[in-house]
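# Observations on chain architecture
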Amino acid sequence: MNAAAAQEFSGAPLGTPVYELTHLSKTYARNLVVALEDINLTLRKGSFTSVIGSSGCGKSTLLKIMAGLIPPTKGRVILQGLPVTGPRRDIGMMFQQATLFPWKTAVENIVLPIEIRDGKAAAKQAMGKAHELLDIVGLKGFENVYPNELSGGMAQRASICRMLITEPAVLLLDEPFSALDELSRDMMNMELQRICHEQDATAFLVTHSIQEAVILSDEIVVLKPRPGRIAEIVKVDLPRPRTLDMMTTPKFGAIVDYIRGLLDKGEEM
Amino acid sequence: MSDVHNHSPSLKDSDTAEDTVWEQKIHFIDSVPRWLAMTFVFVVFVGTWQSVTSLGLVSPIILPTPMETLKDMIFVGQNLLTGGYMLGALWITIKEVIYGFALAIAIGFSLGVLVGETAFGEKAVMPYLVAIDTMPKVAFAPLFVAWLGFGIESKVALAAFIATFPIVVGTAAGLHAADENARMLFKTMGASRMQTLIKMKLPTGLPQVFTGLKIGAVGVMAGAITGEFLGGGKGFGELIRVAASQLNTPRVFSLILYLSLVGLVVFASVVWTQRKLVFWHKEQVGRDDF
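Every value quoted in this text rests on a predicted model; they were computed, and no experiment measured them.

Reading guide: rules and limits
- Numbers given to residues run from 1 along each chain, matching the order in which its sequence is written.
- Think of it this way: whatever chain is written first is A, whatever ligand is written first is 1, and the rest follow in order.
- Reporting in this predicted model follows two pLDDT cut-offs: at least 70 for local features of residues, and 80 or more for side-chain atom pairs to be given and counted; totals over whole chains, interfaces and linings ignore these cut-offs and use all residues.
- Placing a C-beta atom from the backbone of each residue, one calls two residues in contact when those atoms lie within 7 Å.
- Here a strand is any run of E in DSSP of at least two residues, a helix any run of H or I of at least four, and the numbering for each starts at the N terminus.
- Here the expected span of a helix is defined as 1.5 Å times the quantity of residues minus one.
- One axis is fitted to the seven residues ending at the residue and one to the seven starting there. The bend at that residue is the angle between these axes.
- In this scheme, strands are said to pair when DSSP sees at least two bridges between them.
- Think of each axis as a best-fit line through the C-alpha atoms, taken over the contacting stretch in the case of a helix, with angles from 0 to 180 degrees between the N-to-C directions.
- Put simply, a nonpolar core is a cluster of buried Ala, Val, Leu, Ile, Met, Phe, Trp, Tyr and Cys residues tied together by C-beta atoms within 7 Å.
- Whether a residue is buried, exposed or partly exposed is read from the other C-beta atoms within 10 Å of its own C-beta, which are placed from the backbone; 20 or more gives buried, 12 or fewer gives exposed, and intermediate counts give partly exposed.
- A domain assignment, automatic or from a database, supplies the domain bounds used here.
- By definition in this entry, angles of less than 35 degrees are roughly parallel, angles greater than 145 are roughly antiparallel, angles of 65 to 115 are roughly perpendicular, and the rest are oblique.
- Crossings are sorted by hand: turned counterclockwise from the far helix by less than a right angle, the near helix makes the crossing left-handed, and turned clockwise it makes it right-handed.
- Three classes are used: nonpolar for Ala, Val, Leu, Ile, Met, Phe, Trp, Tyr, Cys and Pro, charged for Asp, Glu, Lys and Arg, and polar for all others, with Gly counted as polar.
- In this description, the arc belongs to the directions extending from the helix axis to the C-beta atoms.
- Per-residue confidence from the prediction method is given by pLDDT, with values spanning 0 to 100.

Reports often express the size of an interface as the amount of accessible area lost when the parts come together. Contact with chain A, which involves 16 residues of that partner, is made by 12 residues of chain B. Among the elements of the structure, β6 (91-94) and α4 (112-118) of chain A are those that each provide at least two residues to the side of chain A that touches chain B. For the side of chain A that touches chain B, the element with the most residues is α4 of chain A, which contributes 3 residues.

All names here are of chain B. Counted at 1.5 Å a residue, the expected span for helix α9 (residues 193-231) with its 39 residues is 57 Å, but the 45 Å between its end C-alpha atoms falls short. Residue leucine 206 marks the point of greatest curvature in α9, where the axis turns by about 55 degrees; the proline proline 207 follows within four residues. Positive phi shows up at glycine 232, right after α9, with a value of about 65 degrees.

All names here are of chain A. Spatially, β6-β7-β8-β3-β9-β10 is the arrangement adopted by the 6 strands of the open sheet, whose pairing is mixed. Because the sheet does not close on itself, it has two edges, and the strands there are β6 and β10 (229-235). Direction aside, neighbouring strands of the sheet carry axes that sit 20 degrees apart on average. Where β6 lies against strand β7 (residues 170-174), 4 bridges are found, and the strand directions are parallel. Of the residues in β7, the one forming a bridge with methionine 93 is leucine 172. Across the sheet, helix α7 (residues 152-164) lies against β6 and β7, angled at about 165 degrees from β6, the strand it touches most.

What follows is about the nonpolar core. Counting 82 residues, the largest nonpolar core has Met66, Ile110, Cys161 and Leu172 of chain A as its most contacted members. Broken down by element, the residue count for this core peaks at 7 residues, all from α7 of chain A. Built from parts of two domains, this core gets at least three residues from each of domain 1 (1-90 + 170-261) and domain 2 (95-167) of chain A. When residues no more than four places from it in sequence are discounted, the contact partners of isoleucine 110 of chain A are Ala130, Leu133, Ala158, Cys161, Arg162 and Ile165 of chain A. Core analysis: the second largest hydrophobic core is formed by 47 residues, Phe101, Val169, Leu202 and Ile225 of chain B among them.

This part is about the packing of helix α7 (residues 152-175) of chain B against α9 of chain B. Residue and element names in this part refer to chain B. The contact between α7 and α9 brings their axes to 6 Å, and the two run at 160 degrees. It follows that α7 is roughly antiparallel to α9 by the angle criterion. The element α7 and its partner α9 pack so that their crossing is right-handed. Of the residues in the contact of α7 with α9, the class split is 17 nonpolar, 14 polar and 3 charged.

As a further point, take the domain arrangement of chain A. Residue and element names in this part refer to chain A. Taken domain by domain, chain A comprises domain 1 (1-90 + 170-261) and domain 2 (95-167). At the interface, 14 residues of domain 1 touch 13 residues of domain 2. Breaking the side of domain 1 that touches domain 2 down by element, the ones donating at least two residues are β7 and α8 (182-199). Element by element, the count of residues in the side of domain 1 that touches domain 2 is highest for α8, at 5 residues.

For the rest of this paragraph, the subject is the pairing of β10 of chain A. All names here are of chain A. When you tally the buried positions in β10, you get 6 out of 7 residues, the bulk of the element. With 6 bridges connecting them, strand β9 (residues 219-224) and β10 associate as antiparallel partners. What sits directly across from isoleucine 220, in β10, is valine 234. Once β9 ends, the chain turns through 4 residues before running back antiparallel as β10, passing arginine 226 with a positive phi of about 45 degrees.

All names here are of chain A. Taken together, the buried positions of helix α6 (residues 127-136) are Ala130, Leu133 and Leu134. What you see down the axis of α6 is that its buried residues fit within an arc of 100 degrees, all on one side. Check the buried side of α6 and you find it contacts α3 (106-110) and α7. Among the residues trailing α6, glycine 138 stands out with phi positive, at a value near 80 degrees.

Glancing now at the sheet that holds strand β2 (residues 33-44) of chain A. All names here are of chain A. Strand order in the open sheet made by the 4 strands is β2-β1-β4-β5, with antiparallel pairing throughout. In this open sheet, the two edge strands, each paired with only one partner strand, are β2 and β5 (82-83). Where strand β4 (residues 74-79) lies against β5, 2 bridges are found, and the strand directions are antiparallel. Following the sheet pairing, leucine 79 is matched in β5 by leucine 82.

Turning our attention to the environment of proline 147 of chain A. All names here are of chain A. Turning to its location among the elements, proline 147 is positioned in the loop between α6 and α7. For the pair proline 147 and alanine 106, spaced 41 residues apart in sequence, the C-alpha separation works out to 6.3 Å. Discounting residues that sit within four places of it in the chain, proline 147 has contacts with Leu100, Pro102, Ala106, Asn109 and Ala155.

Structurally, the position occupied by threonine 249 of chain B is in helix α11 (residues 249-277). Those residues in contact with threonine 249 of chain B that sit more than four places away from it in its chain are Ile61, Ile62, Leu63 and Pro64 of chain B.

Here we come to the confidence of the model for chain B. All names here are of chain B. Residues at a pLDDT of 70 or more form 91% of chain B, whose mean pLDDT is 87. Contacts for the low-pLDDT stretch residues 6-11, under 50 throughout, to residues beyond four places or in other chains number 0 contacts. Confidence estimates for the predicted assembly give a pTM of 0.80 and an ipTM of 0.82.

Take unusual backbone geometry next. Residue proline 241 of chain A is reached from arginine 240 of chain A by a cis peptide bond, and omega for that bond is 0 degrees. Mapped onto the fold, proline 241 of chain A is located in the loop between β10 and α10 (250-268). With a phi close to 55 degrees, leucine 247 of chain B is a non-glycine residue in the positive phi region. Along the chain, leucine 247 of chain B turns up in the loop between α10 (236-245) and α11.

This is the structure in structure tokens:
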């Protein structure tokens, strides 16, 4: 199945397009490495998409271009009808590290994006919303705690709140829980699913873990490396809400095996 | 289930003290309070000093006895407390230190930001700073005296000159301390360069800035006293110089001890400010200083 056909096949039943990537390529000028080649991808409202591939397949580059952190060499990114030419308010981002600032309390960290964009007064007004978000992620009572008193999982919960405070249209997640232990990671993934559902968020996750991608996603973009191209977009038709015990079902196993097969093929190239 | 029953009694048996085969040992020094350990070192030091002098191993002109030194310290202390001429001299030195440190902080911090934040500063200014920093800065003292005279200005200049560089280095290093994630996060939030500097890079680098300030606080004392040695004036350094030229070693000793109190206060105030300002970095403060 070629990339275009796969896209058509997978995108049909979901909402309106939010993100549209057309003929996206990225060549790093310094060493002429082609990181991405002709990426075409549409993310629809409320969908959860993962991108998976071996290291060096360009998935971080893809995420950075989508976030407006670096420009593409060719092609374009349209988000909610407007081309992405820099960081935007309607993009929420989360990284592997929680990166909470130790001189700010949990709630002050969460309103930081508001403080940066709209100033201190607006940040103060957003405090109420920050409290609500902390409640949603199960951190009620930790509002005025400093980050060095939070565990790794708690810190990531707080950074979810910081991502959500600006009410972004899309969530770009760069291996958000890969620094956590496996038990916490599974729990956080379920939490993430719940939050995405409640906020009707469109999410795009970069991950190394096939299981994680399958349990969370509607679609999985499999990238093959050098140069990074879309090998296939795999649709995951497990029912929602997903639960952790789905990970033991034959269907889950079959999808995981299929993706692993695609990735192995990619490695040979 | 039967497994659990089989195991639990044996677990209970081994839970008693007699079965401990590898006992945790506590080192003696860990059970001694700090004040006691410090007193011990002090007693050994003074004891050695007393024996060296009372055995006549060293001439009393070179090394006075602890008792003589103590007597002189009491004399100097009285002079200071009653507002004698020594208090005036001490006050001059304190002013040199405070002005010198303030100047060093202002210049050092500004240069540090220039070098640490801008590509121009790093490319064009940093090499000169490194070159000047490798020079023996005390050698500039005669120049400062020629330019600024025998008053406190030349001492302030030397003190500031010596203390500036560690503050530049600390500030510049601090501005580079923020990791890639924090930078990327600020970029995604659409932060301006100024916002990134003030709200992220500077607070992140404060521990390094304070490391520079602490080295600078030591340097500023050295600079002020060296300036007084080489450029005259009416400060505490001049008193030391005069006492030394008169071979009044007990006086030299006690003046140095009082001077070190000033240095300690300057250093402690930097540490105190750091604890208030960089409250999230507590453990590091403790390890660095004491």
